[in-house]
Amino acid sequence: MSVWARIAGWAALIFGLLYFFVPLGGLFEFSLRARRGVYSFDAYARVLADPQFQATFTYSVVMALVTIAIGILIVVPTAFWVRLKMPWARPYVEFLTLLPLVIPAIVIVFGYIRLYNTSSWLPLTGSTLGTNILLAFGYTILALPYMYRAVDTGLRTIDVATLTEAAQSLGAGWATILGRIILPNVIAAVLSGAFLTFAIVIGEFTLAALLDRPAFGPYLQRIGANKAYEPFALSVIAFAITWGCLALIQLVSRFQKTAPAKA
Amino acid sequence: MNRALHTLRQRLPLTWLGLMPFVIFVLMFLVLPTMHIVIGAFQTRDGTFTLQNIIDLNTGTIPSSYWISVKISVASAALGSLIGFAMAAAVVFEAVPRWIKSPLLTFSGVASNFAGVPLAFAFLATFGPVGLVTLFLRNNFGIVLQRDFGFNILSFWGLTVTYLFFQIPLMILIIAPALEGLRREWREAASILGATGLQYWRMVALPILFPSLLGTFALLFANAFGAVATAIALTGSSLNIVPIQLFAQIRGDVLGNPNLGYAMAFGMIVITAVANVLYIWLRMRAERWLK
């Protein structure tokens, strides 16, 4: 390796690291400027005391948990069934789960608004509960590519067929097999999918804004247009939560078995 | 053979039922809503078939918004590819210590998912009128970004620079495995035949990497094209890009024609779909060398 290549390598790396960390530093520094002349946590104090923050944040947390529950209920049985009984269907299912990466979220929610409006056959947007359900389903779709891939990778590391047959010969039904055999075995994978879902939902803007739900993302955008320092403090909090979730994924995936089982 | 046929006839195939919850869910909340938009793009208000909406995309501010969107996506994808490639090459070819690679890849996995409203504020706090870097340059070097470079965070370049925050890590994530697929033997074979480093890159490495590079570029392009939240939080409605215009259209039918809105959304799907198909196709070509 020549000296020039080394210098170029270091230059690229340092430039990239500056690119990542300077904006984070800038954000944090700015969020401390609320009191003139000195750094303080005033903006944080004001934000945390804002009842709207508490309401929207709680809403988004609940939404994330509901989304995770729906995601697990849909993805785990499907991925299990495909591995066990219909391996030929795997490319098709995988294709469907990757579609949300191709179709922009704004188009999906546009479709919801037109398809499930008050004059349609399933007027979900007509009531608060219906809109909440629709939003949770939409989030489940957005998280589908990540959730499915995580669970499918987890299933690859266990011997699904043998476990199922063993459980069946001991008299277990499908619910028992899924809930007490398969799920505990892939729990690390499910958790990493769940944390990623949480990170996606907590700051999501487009769906919540267009379905007009009081979530954290739209609140952050709205306050950004009206307040000077609070949105930056909120962004730091959002960053911390997201990165916390993703750090948890790293932690959880350490516990995951990585050696693939025999087919 | 006969027995297999027999059991097949005896038991009705019901295994497909296990997939039904998933298929129905995806149909109802992904496929049908999208189809509704696509079909609506080819209909008049009273439901007859027409191509007028697609033709009408060429009116008013719509063509310019597509053009700005495409330019931002191309700029952020090109710069993201270039910087990401340089960083990935630095760690894969060990120009920098080996231990940096794993944390960098982990970090990239995190940062590539990080679009959205907080990202916009991070860049506003850094490169905005009173941001950290803006003030630093002004107080220490007398450089005013706005005056000396015409740089404004609420503009084309501002948005491009912000998008790079998630474009660079995405490039690193995807191109690092491709770079690792370059065998040491190829390089050795080339140098035994008398090739210089530059010739090796020009005639061996780059042609092998070309499908990966182009494919990743397409993916980065689609990624930038669909980003909504960052753009809205950063520029409000001052920059007329497709997602922002579509957002306004969904909120309040600013185009005055719902079906024209469908056509705009359809245009978005077409562009991101073409970019993604290109990515998948080029990836399959690239994998021929990575076995």
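Reading the values: rules and limits
Residues numbered from 1 in each chain as written. Chains lettered and ligands numbered in written order. Predicted model: local features only at pLDDT ≥ 70, side-chain atom pairs only at ≥ 80, totals over all residues. Helix = DSSP H or I, 4+ residues; strand = E, 2+ residues; numbered from the N terminus. Buried ≥ 20, exposed ≤ 12 C-beta atoms within 10 Å, placed from the backbone. Rg over C-alpha atoms; globule rule 2.2 N^0.38 Å. Axes fitted to C-alpha atoms, helices over the stretch in contact; angles between N-to-C directions. Parallel < 35°, antiparallel > 145°, perpendicular 65-115°, else oblique. Left-handed = near helix turned anticlockwise from the far one by under 90°. Nonpolar A, V, L, I, M, F, W, Y, C, P; charged D, E, K, R; others polar. Contact = placed C-beta atoms within 7 Å. UniProt positions renumbered as here; feature names shortened; annotations may be inferred. pLDDT = per-residue confidence, 0-100. Expected span 1.5 Å × (residues − 1). Bend = angle between axes of the 7 residues up to and from the residue.

The helix and strand inventory of chain A stands at twelve helices and zero strands. Ordered by position from the N terminus, the helices and strands of chain A form the series α-α-α-α-α-α-α-α-α-α-α-α. Considered along the principal axes of its C-alpha atoms, chain A spans approximately 75 × 70 × 30 Å. Counting every position in chain A, which comprises 263 residues, the buried fraction comes to 46%.

Each helix and strand in chain B was counted, giving 14 helices and zero strands. When the helices and strands of chain B are read in sequence order from the N terminus, they spell out α-α-α-α-α-α-α-α-α-α-α-α-α-α. Whereas a compact globule of 291 residues would reach a radius of gyration of roughly 19 Å, chain B reaches 24 Å, over 25% beyond that. The C-alpha extent of chain B, read off along each of the three principal axes, is 75 × 60 × 30 Å.

What follows covers the packing of helix α4 (residues 62–92) of chain B against helix α9 (residues 156–180) of chain B. Residue and element names in this part refer to chain B. Interaxial distance between α4 and α9 falls to 6 Å at its minimum, and their mutual angle equals 45°. With respect to each other, α4 and α9 are oriented oblique. Two packed elements cross with a definite hand, and for α4 against α9 that hand is right-handed. Taken together, the residues that form the contact of α4 with α9 break down as 21 nonpolar, six polar and two charged.

Each partner contributes to the interface: chain A provides 62 residues, whereas chain B provides 53 residues. Mapped by element, the contributors of at least two residues to the side of chain A that touches chain B are α1 (3–31), α3 (51–84), α4 (90–102), α5 (105–115), α6 (128–156), α10 (206–210), α11 (216–226) and α12 (230–254) of chain A. Broken down by element, the side of chain A that touches chain B gets its largest block of residues, 19 residues, from α1 of chain A.

Further remarks concern the UniProt feature "domain: ABC transmembrane type-1" (unreviewed entry) in chain A. Sites flagged by UniProt as "domain: ABC transmembrane type-1" (unreviewed entry) map to residues 57–252 of chain A. From the first C-alpha to the last, residues 57–252 of chain A spans 25 Å; its make-up is 81% helix and 0% strand.

Residue and element names in this part refer to chain A. Within the UniProt annotation, "transmembrane region" (unreviewed entry) is assigned to residues 7–28, 57–80, 92–115, 127–148, 186–211 and 231–252. Taken as a whole, residues 92–115 contains 92% helix and 0% strand, while its terminal C-alpha atoms sit 25 Å from one another. Secondary structure within residues 127–148 divides into 95% helix and 0% strand; the distance between the first and last C-alpha atoms comes to 30 Å.

The next thing to look at is the UniProt feature "transmembrane region" (unreviewed entry) in chain B. All names here are of chain B. Residues annotated by UniProt as "transmembrane region" (unreviewed entry) correspond here to residues 12–32, 72–93, 114–136, 156–179, 200–221, 227–248 and 260–282. The distance separating the terminal C-alpha atoms of residues 72–93 is 31 Å; by composition the span is 95% helix and 0% strand. Annotated as residues 156–179, this span is 100% helix and 0% strand, and its ends, taken at the C-alpha atoms, are 32 Å apart.

Before going further, it helps to examine the environment of Val236 of chain A. Residues and elements named next belong to chain A. Structurally, Val236 can be placed in helix α12. The spatial distance from the C-alpha of Val236 to the C-alpha of Tyr44 is 9.4 Å, given a sequence separation of 192 residues. Contacts of Val236, omitting those with residues within four sequence positions, involve Leu27, Phe28 and Ser31.

Before going further, it helps to examine the confidence of the model for chain A. Predicted coordinates in regions of low pLDDT should not be interpreted in detail. All names here are of chain A. For chain A, the average pLDDT comes to 86, and 96% of its residues sit at 70 or higher. Mean pLDDT values over the elements of chain A span from 82, in α12, up to 92, in α3. Long-range and interchain partners of residues 259–263, a stretch whose pLDDT sits below 50, account for seven contacts in this model, where long-range means more than four residues apart.

All names here are of chain B. Structurally, the position occupied by Thr196 is in the loop between α10 (184–192) and α11 (197–225). By C-beta crowding, Thr196 is classed as exposed, having 10 other C-beta atoms within 10 Å. For the pair Thr196 and Leu182, spaced 14 residues apart in the sequence, the C-alpha separation amounts to 17 Å.

Okay, α9 of chain B next. Residues and elements named next belong to chain B. A rise of 1.5 Å per residue sets the reference length of α9, with its 25 residues, at 36 Å; its end C-alpha atoms lie 35 Å apart and thus fit the reference within 8%. At Leu164, α9 shows its maximal bend, which comes to roughly 40°. In terms of residue burial, α9 counts as a mostly covered element, since 19 of its 25 residues are buried.

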